[in-house]
Amino acid sequence: MIEVSGLTKSFDRLLAVDRVDLEVGRGEIVGLVGVNGAGKTTLLRMLCGILQPDAGSIVIDGHPLVADGIEARAALAFVPDTPMLFEQLTVLEHMLFVARLYGVRDAGPAIDALLQRFELTEKRRATASSLSRGMRQKLAISCAFLHEPAALLLDEPLSGLDPPGRRSMCDAVASRAAAGSAVLVSSHELEIIERLCHRFVILHQGRVRLAGTLAEVRGNLGSLEEVFLRATGAGDAGPASA
Amino acid sequence: MSRRQAAFSGLGALLSLMRLRLKARARSFCRDLKRPLRLVLFLLMAFGITTVALLPEHIAGQPRGLPKLGLNELGVCLLLLPLLSAWTAVRQGVIVFRPEEVHFLFPAPVSSRALLLTHMLGVLAKSLSGALMFAVFVRPAGTGFLTTALGYGLYLQFMMLMPVSVDLTCLRWPGETRRRRARWLLAAMVALFVGAVGLAWVQDGRALLGTASLRHAILPMLPFTTVICGGELPGSLPYGVGMALVLAILAALAARILSFRGDVREAAHKASLVQAKALESVRNGRVFVDGPREHVGGSLLPMLPQLGGAGVHCWRQLTVLLRTRKSYALLLMMTVATGVSVHFTHKAGPAVVGLAMLGVLVVSGPMFVRCDFRSDYDCLPWLRTLPTPPGVLAAGQLLASALALYVIQLVFSGWSLFVCPPEYRLALLGVYVALPVFNLLQLSVWNGAHLMAPLRPGGEHGTPDAATVLRLYMVMLAIMLVIGAALAVTGLFAAAAWFGLPSLGVDGTQARSVVSFLVGLMALGTVTAVCVWCVGRLFLRVDCSRDLSG
């Protein structure tokens, strides 16, 4: 599970994340939404250990990220918005490398299962540079699933994907949560997030503006989009045109 | 997990990644060799390098390497590079990883020390190949190939370890402090350079490289120059002492890096983003990237007159050019360095120095000042949709670079007009009058070539391969031919005017010169206008849907 308390991060004079508290339990999918520049990516990068927080604590699967970084990192997986792959390595080589990186023993059957599940079996000898956007995303997610992480962090996982790709990605995320992972998803795709996530955190100007289940956050409002617009003040200009 | 295990956690996986990547590179190389053009290029390169490396000097017909390269010259080169690297390390960091490494390695259970070690191993492999190439092409006279290669290898290790060590020292400084201290360091370096040149100027008659101050300045590099220029010395005491000192320096730096206890991920991530942005900028056609600037204040330029649509494009390019002005520092440094070296090596007067600087700006300027179609790869589809005639659009795009280049030429070499002998002043004035048109001609030919054979400066992954370099050479050859032909036409018209004028009753030398110049200038202007029009037509022809990565 993921436990975040009082997390703060600033860049020079810009306060990007301001005292954020957050908890994602096992088997839970939490949607992280916010306008551009709200601090979502900075928050995710701190959670996966790329950026160091100025204040606050992060605990991944019972391991504090700062004090016990190796164990905490071993329990998490991060998928960025644009899948960055080793262009000259093949699909299979990516999987073998990740298995070694996370110390997955006897990874063969797990790799075969993931390749089959994400329809990459026929591409196992293809280099990453020859893959389409959707295939690259599938490979990135396969690599993230290989060590069965306790915490899964996804930054805009649906950007640039076609409808079948989105469906496939959502199914994969849901299945990972069903297997017991704590999943934190950042996205602008409110409709999909609304269907996929159990809880929502609306981040605005680095702070948590609203958090809870859909029923809790929406109150009298109709959809997550309306809640989001109200919470961030983005809808003050008037209703969106049809 | 024990503390020792944690310190090197993930190292095995990182080494396995290195092995996989080497295998992938070999696979890609073998696949490339199956293409006839690549095979021919590879064989040519291999033959050329082997010839230069192995043929004895008396068979090659000329001394190899740089025969005049002495300890002082080598010392200056060896000193300048670490200074620049140290400045880069303070300013933005040098522990850089590729985006895919950041994605896979940074969130993984890999220790900072393992990351640093892998980074060092990666650069070690590159520096070894670099050392071999340096030893082939830049070998001090009378020095054995292996000795020089070993010397360069050790120096490149220093060049890799020293900035990393500086970077780790600066990690605790906030971003603004780093930038401020980098500015101070740069100012100190410039002051040192200006001081050394000034001192040599005062001590007229002594070569810059022979001054005592410079000999003292390059003293820290003495162990490296001794090791590189070992020549017949291996086994002798100075060589042994030099080698021992170099090894001690490298061991100290490596120990300093490996004893680092903090986390390098954030700093490395930041430096990697800067580098990725720079690479992207280069791929989009810019020579260098200026630092990111979030707030630029108001517009730097008032909107230019419409000029049929050309004005707005010229304004856009000039604004970009002004906002990225720092990226032209290298051109200006090259120009100043040429002027200084011409003065000190040939004891040249200010007029000759000015002309030398003008020469650099005329030849290199169009390659560096490129706020035109060449830096607009990604904008070409959008430009195509605009309601501006292609010729007018091309004129607007090219005018900005031409104007900017002319201003740089005037500022950095225009003073030669006032210091040249009076008998040459009129001719030089003519050069400066014709220069804007000639700049426009050069730029239009450069742009035309790039639109005919669109190619991003980097290859598929941002690093140019042999085919890209060959293609670049072909394009440059074509550019030189077209510019030469344009100048020949201009000269022909001017000569025709010169010889034809007496038959029209114009006999005075001065009058004939002025009229011939004007006729030549008109011819040059006409050729340039045709070239600009052609650039417009080529812009219409370029296939925007193609990936230009080559």
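Residues numbered from 1 in each chain as written. Chains lettered and ligands numbered in written order. Predicted model: local features only at pLDDT ≥ 70, side-chain atom pairs only at ≥ 80, totals over all residues.

What to know about the overall build of chain B
The secondary structure content of chain B amounts to 22 helices and zero strands. Taken over 550 residues, chain B has a buried fraction of 31%. (Helix = DSSP H or I, 4+ residues; strand = E, 2+ residues; numbered from the N terminus. Buried ≥ 20, exposed ≤ 12 C-beta atoms within 10 Å, placed from the backbone.)

Comments concerning the overall build of chain A
Along the backbone of chain A there are nine helices and ten strands. A compact globule built from 242 residues would reach a C-alpha radius of gyration of about 18 Å, and chain A, at 18 Å, matches this within 12%. For chain A, buried positions account for 46% of its 242 residues. If you take every contact in chain A between residues at least 6 apart in sequence, the share linking residues at least 24 apart comes to 69%. (Rg over C-alpha atoms; globule rule 2.2 N^0.38 Å. Contact = placed C-beta atoms within 7 Å.)

Notes on the packing of helix α18 (residues 390-413) of chain B against helix α22 (residues 509-541) of chain B
Residue and element names in this part refer to chain B. It is at 8 Å that the axes of α18 and α22 come closest, and there the two elements cross at 110°. Judged by the angle between their axes, α18 and α22 are roughly perpendicular. Considering only the axes of α18 and α22, their crossing is right-handed. Between α18, through P390, G391, L393, A394, A395 and L398, and α22, the contact on the second element is made entirely by V532, W533, V535, G536, R537, F539 and L540. Each residue belonging to the contact of α18 with α22 can be placed in one class, and the counts come to ten nonpolar, two polar and one charged. (Axes fitted to C-alpha atoms, helices over the stretch in contact; angles between N-to-C directions. Parallel < 35°, antiparallel > 145°, perpendicular 65-115°, else oblique. Left-handed = near helix turned anticlockwise from the far one by under 90°. Nonpolar A, V, L, I, M, F, W, Y, C, P; charged D, E, K, R; others polar.)

Let's talk about helix α8 (residues 145-170) of chain B
Its 26 residues place the ends of α8(B) 38 Å apart at the C-alpha level, agreeing with the 38 Å of an ideal helix rising 1.5 Å per residue. In terms of residue burial, α8(B) counts as a mostly covered element, since 20 of its 26 residues are buried. (Expected span 1.5 Å × (residues − 1).)

Remarks on the interface of chain B and chain A
The interface is formed by 29 residues belonging to chain B together with 23 residues belonging to chain A. Listed by contribution, the elements that provide at least two residues to the side of chain B that touches chain A are α2 (11-33), α6 (99-105), α9 (175-202) and α13 (265-283) of chain B. At nine residues, α2(B) tops the list of elements feeding residues into the side of chain B that touches chain A. Taken together, the residues that form the side of chain B that touches chain A break down as twelve nonpolar, ten polar and seven charged.

Some points on the pairing of strand β7 (residues 151-155) of chain A
Residue and element names in this part refer to chain A. Of all five residues in β7, five are buried; the element is thus mostly enclosed. Every second residue of β7 is oriented toward a common face, with A151, L153 and D155 on one face and L152 and L154 on the other, all of them buried. Relative to β7, strand β6 (residues 76-79) runs parallel, the two sharing four bridges. If you follow L76 over to β7, its bridge partner there is A151. In the sheet, β7 pairs with strand β8 (residues 182-186) via five bridges, with the strands oriented parallel. Across the sheet, residue L152 finds its bridge partner in β8, namely V183. Following the backbone out of β7, through helix α6 (residues 163-178) and into the adjacent parallel β8, one traces a crossover that is right-handed. (Pairing = 2+ DSSP bridges. Right-handed = clockwise from strand over helix to strand, strands pointing away.)

As for the confidence of the model for chain B
When pLDDT is averaged along chain B, the result is 80, and 81% of the positions lie at 70 or above. For residues 58-69 of chain B, every residue scores under 50 in pLDDT, and the model assigns this stretch 17 contacts once sequence neighbours within four places are set aside. (pLDDT = per-residue confidence, 0-100.)

Some thoughts on the packing of helix α5 (residues 133-145) of chain A against α6(A)
All names here are of chain A. As a packed pair, α5 and α6 sit with axes 11 Å apart at the nearest point and diverge in direction by 5°. In terms of orientation, α5 and α6 fall into the roughly parallel class. Residue-level contacts link G134, Q137, I141 and F145 of α5 to G165, M169, A172 and R176 of α6. Across the contact of α5 with α6, the residue classes break down as four nonpolar, three polar and one charged.

Quick look at unusual backbone geometry
Residues and elements named next belong to chain A. Although it is not a glycine, R19 adopts a positive phi angle of roughly 45°. A tally of 14 C-beta atoms within 10 Å means that R19 is categorised as partly exposed. Residue E148 is not a glycine yet carries a positive backbone phi of 45°. Within the secondary structure, E148 sits in the loop between α5 and β7.

Some remarks on helix α16 (residues 350-368) of chain B
Residue and element names in this part refer to chain B. Spanning 19 residues, α16 covers 25 Å between terminal C-alpha atoms, matching the ideal 27 Å at 1.5 Å per step. The axis of α16 is deflected most strongly, by about 35°, at V362, and proline P366 appears within four residues downstream. Residues of α16 that are buried: V353, G354, A356, M357, L358, V360, L361, G365 and P366. The inward-facing, buried residues of α16 abut α15 (329-346), α18, α19 (416-419) and α20 (422-452). (Bend = angle between axes of the 7 residues up to and from the residue.)

Quick word on the sheet that holds strand β1 (residues 2-11) of chain A
Within a sheet, each strand pairs with its neighbour through backbone hydrogen bonds, oriented either parallel or antiparallel. Residues and elements named next belong to chain A. Pairing within the open sheet is antiparallel, and its four strands lie in the order β2-β1-β4-β5. The open sheet terminates on both sides in strands that have one partner only, identified here as β2 (14-24) and β5 (63-64). Sheet topology note: the β1/β2 ladder contains seven bridges and is antiparallel. Directly across from S10, in β2, lies its bridge partner L15. Lying over the sheet, helix α1 (residues 40-47) contacts β1, β2 and β4 (55-60), oriented at roughly 120° with respect to β1.

Observations concerning the environment of F368(B)
Residue and element names in this part refer to chain B. Residue placement: F368 occurs in helix α16. Taking the number of C-beta atoms within 10 Å as the measure of exposure, F368 has 18 and is therefore partly exposed. Expressed as a C-alpha distance, the spacing of F368 and E176, which sit 192 residues apart in the sequence, is 29 Å.

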